[in-house]
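The chain contents come next:
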Amino acid sequence: MQQAETLSARPARRVRWMNRDRAIALLMIAPSALAIAVFVYGFIGWTAYISMTDWRGLAISTSFVGFDNYLTIFSTGRFQTNIRNLIVFTLFFLASCLVIGLLLAVLVDARIRFEGFFRSVYIFPMALSFIVTGVVWQWLFAPGNWPNDPTGINLLFKQSGLGFLQAAWTTDTNVVPGWRIEGLRTRIGIPMAMIPVVVAAVWQMSGFVMAMYLAGLRGIPDEIKEAARVDGATEWQVFRHITLPMLQPITLSAVIILGHISLKIFDLIITMTGGAPGNNTEVPGLYMYEITFKANKFAEGAAVAMVMLVVVALLVVPYLIYNRRTEVER
Amino acid sequence: MASIKFDHVWKRFGDFAALKDFTLDVADQEFLVLVGPSGCGKTTALRCLAGLEEVTSGTIMIGDRVVNDIPPKDRDIAMVFQSYALYPHMSVYDNMAFGLKLRKIPKAEIDRRVKEAAEMLQIGHLLDRKPKALSGGQRQRVALGRAIVRHPSVFLMDEPLSNLDAKLRVQTRAEISKLHQRLKTTFIYVTHDQTEAMTMGTRIAVMRDGVLQQLDTPQNLYDHPANMFVAGFIGSPSMNFFEATLVRGDGQVLVDFGPFQLPVPPSRIDAIADHIGMPIFFGIRPEDIHDAHYVPRGVDESARLMTTVNVVEPLGSEVYAYVENGGKEMVARLDPRTKARTGEVLEIIIDMSKMHIFDRDTERALI
């Protein structure tokens, strides 16, 4: 008892919130933290602010108009078409990349000969810029005067006796099925000109998805699959009930990575189609560029940018939260 | 329930033969332990039986069925892996139910079997958990449960205890033995641990370099090892071996070690009569060497030897002493009352009725 009293009587050692290590650590991260605060979050805030002004033309104007610019862009047929195109592009791009990436990974994982060679071949397109990919695939998908005097793959089809496969590709103006809905200023469906764009994007990114899935497949211990075989699973059931569920975290990461590339896509489309025919392949990224820097409607451009930010955030933020949680669990 | 037969089975991986002319008969309901050092082919044998590896030649039978070309799922076996190999994305319940669901067993029956096995293994309160939320011992039980619910005709276990701590290992060892008595099914159990082999097996198959060395009951393996490898592998500490020669002298047969000689008991002379005058290996287990002051009743005390004590390891219930005479060092497992001290002289008695004599060339046991 007495001992306890003497202990508590001793002056408590002050815990300093700022010690030497902490000060150095803060000093080290300060420059980058400051730069990010200004150039990323500061400018996001600036853009959000601009999107609620009436800034048109070269002279800056900061009269507050609330959400008028948002109402304006959402009511135009062009932006509605952009959104439709973006949805179509994202769905097809994601689905194709995942399916093809998984398929390639399973094939390469089957311990084939020259595995390293195939792996490199499939991943290589990722080393290219979307600009390069866009230019090359624009040439390939340029239909020429088909069916008689085609260019690009139409020419390939013709010369290999598959002439019936020739198509208008990037010049196809059809939207399938092209429903009209009361109140919408765009037709609902798949703009056919988007298909070649998706093909180019998938060509570039599916190798990357393969690499992710391959790493995932290699991470599944053989013993778990063997246990399933002994438990009575056929090879297909092992894949369906063991391999695929265990790849789920990979799929989620791939969806996030591909998703944010897809929602912000700009370079591929501007080189490949420039948004044509009509606005059939135009997406918000292109539209933002056009109205901001060509039409000088800075406020509306900022509104488009904010919409894109929100859409990407809807995809990424839940993922970040989920990741944090699972990390805490570990 | 089923018997198992390996008939002249070879398994090659490229140039390396993991199983060499492996022949083994396992009776129905037997608990057979495959034991040997790492790389001896015991796991390969188990994997061939499970259908996870194809044999290069020979046949494997489960019951009266040749299973060489039958996939694992149709062999009516269940296997417990060293790593447990639980499905990480499934709950404990689903892990156990997986094999039954694939076999399209009615839901109610699956539920009954899973609950029954969970109760048997005392994991009923863990059924909703994922494997990563379980301790090593609990995972091990789930792996056992996953095998039990299947009601297979053969249980295969590949070093199932090697990832547990020492205490849990001893406990689980006894539980697996109980499980065997309760389920009345054939068990094939692979381990490199001779204690596990001795305590659990109804019979033990000792393997080395892909070759079956000896197949016998634990006691027979201990008492009558077929060769020096088995003699050295079974028993802890290992049997002491010496190069020696059998000689005749003073009307008796002696084992001549060079610096000293020890008499062969008259009852054992017949078995080695052919080898008198020839070099042999002499083997004696540490437990058959006694402190001359504390000799158990009934042990013939005629083989006496003065030794120098090099190291003493007291274990409480017994004392391991490393003693030597003329450069011949041996381990003795002594009575804890021994006065053996490092560097001092100790008189020991060697129980020659327990000696082992091996052919110098073939290393096969003569007695």
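Residues numbered from 1 in each chain as written. Chains lettered and ligands numbered in written order. Predicted model: local features only at pLDDT ≥ 70, side-chain atom pairs only at ≥ 80, totals over all residues.

J.: Got a minute to help me understand the overall build of chain A in this structure?
T.: Each helix and strand counted, chain A has 14 helices and four strands in total. Its C-alpha radius of gyration of 27 Å places chain A more than 25% over the 20 Å reference for a compact globule of 330 residues. For the C-alpha atoms alone, the extent of chain A along its principal axes is close to 105 × 70 × 40 Å. Put simply, chain A has 330 residues, and 33% of those count as buried. Here the analysis covers contacts within chain A between residues at least 6 apart in sequence; of these, 65% occur between residues at least 24 apart. (Helix = DSSP H or I, 4+ residues; strand = E, 2+ residues; numbered from the N terminus. Rg over C-alpha atoms; globule rule 2.2 N^0.38 Å. Buried ≥ 20, exposed ≤ 12 C-beta atoms within 10 Å, placed from the backbone. Contact = placed C-beta atoms within 7 Å.)

J.: I'm lost on the environment of Pro88(B) in this one. Help?
T.: Residues and elements named next belong to chain B. Along the chain, Pro 88 turns up in the loop between strand E6 (77–80) and helix H2 (92–102). On the basis of neighbour counts, which here come to 15 C-beta atoms within 10 Å, the residue Pro 88 falls in the partly exposed class. Considered as a pair, Pro 88 and Lys 130 are 42 residues apart in the sequence and their alpha carbons are 6.7 Å apart.

J.: Can you help me understand the environment of Pro71(B) in this one?
T.: Residue and element names in this part refer to chain B. Residue placement: Pro 71 occurs in the loop between strand E5 (65–66) and E6. Taking the C-beta count within 10 Å as the criterion, Pro 71 has 15 such neighbours and is therefore assigned partly exposed. Considered as a pair, Pro 71 and Gly 51 are 20 residues apart in the sequence and their alpha carbons are 5.9 Å apart.

J.: Can you walk me through the confidence of the model for chain A in this structure?
T.: It should be kept in mind that the predicted coordinates are not to be read in detail where pLDDT is low. For chain A, the mean per-residue pLDDT works out to 90, and 94% of the residues sit at or above 70. In this model, residues 1–9 of chain A is a region of pLDDT below 50 whose contacts with residues beyond four sequence positions or in other chains number zero contacts. (pLDDT = per-residue confidence, 0-100.)

J.: Help me out: how do you make sense of the sheet that holds E5(B) in this one?
T.: Note: strands within a sheet are paired through backbone hydrogen bonds, in either parallel or antiparallel orientation. Residues and elements named next belong to chain B. With antiparallel pairing, the four strands of this open sheet are ordered in space as E2-E1-E4-E5. Unpaired on one side and paired on the other, strand E2 (16–26) and E5 mark the two borders of the sheet. Sheet topology note: the strand E1 (residues 4–13)/strand E4 (residues 57–62) ladder contains five bridges and is antiparallel. Looking at the pairing, Trp 10 lines up with Ser 57 of E4. Relative to the sheet, helix H1 (residues 42–50) contacts E1, E2 and E4, its axis offset from that of E1 by approximately 110 degrees. (Pairing = 2+ DSSP bridges. Axes fitted to C-alpha atoms, helices over the stretch in contact; angles between N-to-C directions.)

J.: Could you clarify how one ought to interpret the pairing of strand E4 (residues 187–191) of chain A in this entry?
T.: Both faces of the sheet carry side chains from a regular strand, because those side chains alternate between them. Residue and element names in this part refer to chain A. Sheet topology places strand E3 (residues 175–180) next to E4; five bridges connect them, and they run antiparallel. Each residue of the ladder has a partner; that of Val 176, found in E4, is Ile 190. Linking E3 to E4, which pair antiparallel, is a turn of six residues; within it Gly 183 sits at a positive phi near 90 degrees.

J.: What exactly am I supposed to notice about the domain arrangement of chain A here?
T.: Note on interface size: it is often stated as the accessible area lost on association of the parts. Residue and element names in this part refer to chain A. Taken domain by domain, chain A holds domain 1 (3–50) and domain 2 (76–329). Computed from C-alpha coordinates alone, the two centres of domain 1 and domain 2 are separated by 42 Å. Counting residues at the interface gives four residues for domain 1 and six residues for domain 2. For the side of domain 1 that touches domain 2, a count of residues per class yields three nonpolar, one polar and no charged. (Domains from an automatic or database assignment. Nonpolar A, V, L, I, M, F, W, Y, C, P; charged D, E, K, R; others polar.)

J.: It is not clear to me how helix H10 (residues 235–246) of chain A should be interpreted in this structure. Could you clarify?
T.: Since the α-helix turns once every 3.6 residues, residues separated by three or four places project in the same direction. Residues and elements named next belong to chain A. Over its twelve residues, H10 extends 15 Å from the first C-alpha to the last, a length consistent with the 16 Å expected when each residue adds 1.5 Å. Along H10, the residues that are buried comprise His 241, Ile 242 and Thr 243. Buried residues of H10, seen end-on, are gathered within an arc of 160 degrees and therefore sit on one face of the element. Across from the buried face of H10, at angles greater than 90 degrees, the exposed residues are Trp 236 and Arg 240. (Expected span 1.5 Å × (residues − 1). Arc of directions from axis to C-beta.)

J.: Is there a simple way to think about unusual backbone geometry in this case?
T.: Excluding glycine, most residues fall at negative phi; most peptide bonds, likewise, are trans. Between Ala276(A) and the following residue, Pro277(A), the backbone shows a cis peptide bond with an omega angle of -5 degrees. Of note, the amide linkage connecting Ser236(B) to Pro237(B) takes the cis form, showing an omega dihedral of -5 degrees. Structurally, the position occupied by Pro237(B) is in the loop between helix H8 (228–233) and strand E11 (240–249). Phi is positive for Asp21(B), close to 50 degrees, though the residue is something other than glycine.

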